[in-house]
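Coordinate inspection notes
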Amino acid sequence: MKHTRSMTMVYAVLGAVAMFIISANAFAESRGSGKALLQPLEIAADSKFLGDYFGGHLRVRCERGESLSRAIRRAREHQTIRFSGTCFESLVITTDHLTLRGENGATIDGSQSPSEAVVLIDGARGLVLENFTVQNGSDQGVLATHQAQVVISTVILQNNATVGLSVDRSHIEINNVALDNNQTGGMDAYTGSTVVAKGTLSAMNNGGDGIAVNGKTFLELRGAIVNASQNAGSGVSIINDSRLQIFSFPEAQGSTITADNNGFAGVGILGSEMGVVGSQYFGSGANVISANNNGVFGFFAPAGAILSPHATAKFVATGNGVGMLLEDGASVLIIGGLDLSQNGAGLSAHGAGTLTIVSVPPNPSRIDTNQIDLDLGFGTRLTSDGVDFTSIACDASVLTRGINCP
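A few points on the structure. Remember, predicted model here, so these are calculated numbers, not experimental data.

Observations regarding the overall build of the protein chain
Within the protein chain, the secondary structure is distributed over three helices and 36 strands. Here the protein chain, with 406 residues, has 51% of them falling under the buried criterion. Across the protein chain, the fraction of contacts at a sequence separation of at least 24, relative to all contacts at a separation of at least 6, is 59%. Roughly 17,700 Å² of accessible area belongs to the protein chain as shown, and the carbon and sulfur atoms make up 53% of that amount.

Written out as structure tokens, the structure is:
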């Protein structure tokens, strides 16, 4: 009975609306207008009404003076905002499960809207940014903070006054991203953040480090091809109890880091760890980390750890003042794939912890053709197996196994 009464009320309301439209149209025709005042309600699939209220697409044309920030303020979860042209504004995104997609070379330019970040992601989760450029910020290009969860794909972050991408207590996945020509650095991830890198990642020609990971932050390379070269500081810096990791699953294999021609070091590991694992790929050397022709160091690891127990990595350092520096309790376990050659010093370890360097036939290790291959001191302990050295300098406090320390 209750259901029948409800349906009767619905029919009554619809009937009243229909009678109102008919009466209004008849009134208009009696006045000679020839046009109905009210037309039947028709909503196209891509209309603004559907976009605002039914989860469809919103479209912004910045080249026509339309506002992207206004569209973001009006957007609801699970909507996609498509935009084109150059948007001279700054954005604050707090809406979850939103997609911001550029078209036809779309750009967000912060030069006329000074702010902390050209794009500030404040706690938004399930956010997707794709296919546009962020540039000319008075501070940061993109800042993700307050536990934001973001996927950034096919995005260029360039020419910003500090860093291209800042990640603060947040989770970011980046895929085919360029972080180039920023005044302080390409990327700065800190305070317990996580960053997963896929596809290509360029961090070049920045005024400081190309990529900096700090404060118990985790950087994973999942098949990423990273180029962190020609920066004023270091190519990659892993700092303060942070970690750079290449895992053993198939999609992670083939990850590479090229960190060449940086002002200070190719790869810095300061009180942190870099690890490459994968026993099912033993001896493959599939993951290549190279640090060549840098201003001072190839690999710079005070109080750091470099772990590659399955010969799935290849570490290459040539043309540096020091190929690999280990000190302040630093430790190394590199089974296969170490190539330190044509540096001032190949491996320099003073006050280091336990160093284990082994050569395996599928992925050999060598430290040679340096001005001095091994420079060891102040209690360093080295175990070597199958690695040939030509020139060695040791003091009386050094303990070695597998080589004779003069």
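The structure having been displayed, the exposition proceeds.
Some details on the pattern of salt bridges
Where charged atoms of side chains with opposite charge meet at close range, the side chains can pair. Under the criterion given, the structure shown has nine salt bridges. Across the salt bridge formed by Arg-101 and Glu-130, the nearest N and O atoms sit 2.2 Å from each other. Of this pair, Arg-101 sits in strand 5 (residues 99–102) while Glu-130 sits in strand 8 (residues 127–135), and the two are 29 residues apart along the sequence. In this structure Arg-101 comes out as partly exposed when scored by relative accessible area, which is 23%. Between Arg-366 and Asp-339 there is a salt bridge, with the nearest N and O atoms lying 3.3 Å from each other.

Let's talk about the side chain of Glu-103
When you line up the elements, Glu-103 lands in the loop between strand 5 and strand 6 (107–109). Within polar-contact distance, the side chain of Glu-103 engages the side chain of Arg-59 at 2.9 Å. Residues in contact with Glu-103, not counting those within four places in the same chain, are Arg-59, Arg-82, Phe-83, Ser-84 and Asn-131.

Details of the packing of aromatic side chains
Following the criterion strictly, the structure yields seven aromatic pairs and no others. Ring centres of Phe-299 and Phe-315 lie 6.0 Å apart, and the angle between their planes is 75°; this geometry places the pair in the edge-to-face category. In this pair, Phe-299 sits in strand 24 (residues 297–302) while Phe-315 sits in strand 26 (residues 313–318), placing the two residues 16 residues apart along the sequence. On the accessibility criterion, Phe-299 (0% relative accessible area) is buried.

Here's the deal with the state of the cysteines
Applying the stated rule across the entire model yields two disulfides. Between the sulfur of Cys-394 and that of Cys-405 lies a disulfide, 1.8 Å long from S to S. One end of the pair, Cys-394, is in the loop between strand 35 (392–393) and strand 36 (399–401); the other, Cys-405, is in the segment after strand 36, with 11 residues separating them in the sequence. Looking at Cys-405, the relative accessible area reads 25%, which means it is partly exposed. Cysteines bonded in the protein chain are numbered consecutively along the chain; their disulfide partners then correspond to 1-2, 3-4.

Points about the pairing of strand 31 (residues 354–358)
Looking along a regular strand, one sees the side chains alternate between the two faces of the sheet. Summarising burial for strand 31: four of the five residues are buried, a large majority. Here strand 28 (residues 331–335) pairs with strand 31 via four bridges, running parallel. Along strand 31, the bridge assignment pairs Val-332 with Leu-355. Where strand 31 meets strand 34 (residues 381–385), five bridges bridge the pair, whose relative direction is parallel. Bridged to Thr-354 within strand 34 is Arg-381.

Conventions and cut-offs
Residues numbered from 1 in each chain as written. Predicted model: local features only at pLDDT ≥ 70, side-chain atom pairs only at ≥ 80, totals over all residues. Heavy atoms only, no water. Helix = DSSP H or I, 4+ residues; strand = E, 2+ residues; numbered from the N terminus. Buried < 20%, exposed > 50% of the residue type's maximum accessible area, 1.4 Å probe, protein only. Contact = heavy atoms within 4.5 Å. Areas by Shrake-Rupley, 256 points an atom, 1.4 Å probe, with all protein chains shown as cover. Salt bridge = Lys/Arg side-chain N within 4 Å of Asp/Glu carboxyl O. Polar contact = N/O pair within 3.5 Å; in protein donor to acceptor, adjacent residues only side chain to side chain. Phe/Tyr/Trp six-rings, centres within 6.5 Å; stacked < 30°, edge-to-face > 60°. Disulfide = S-S within 2.5 Å. Pairing = 2+ DSSP bridges.

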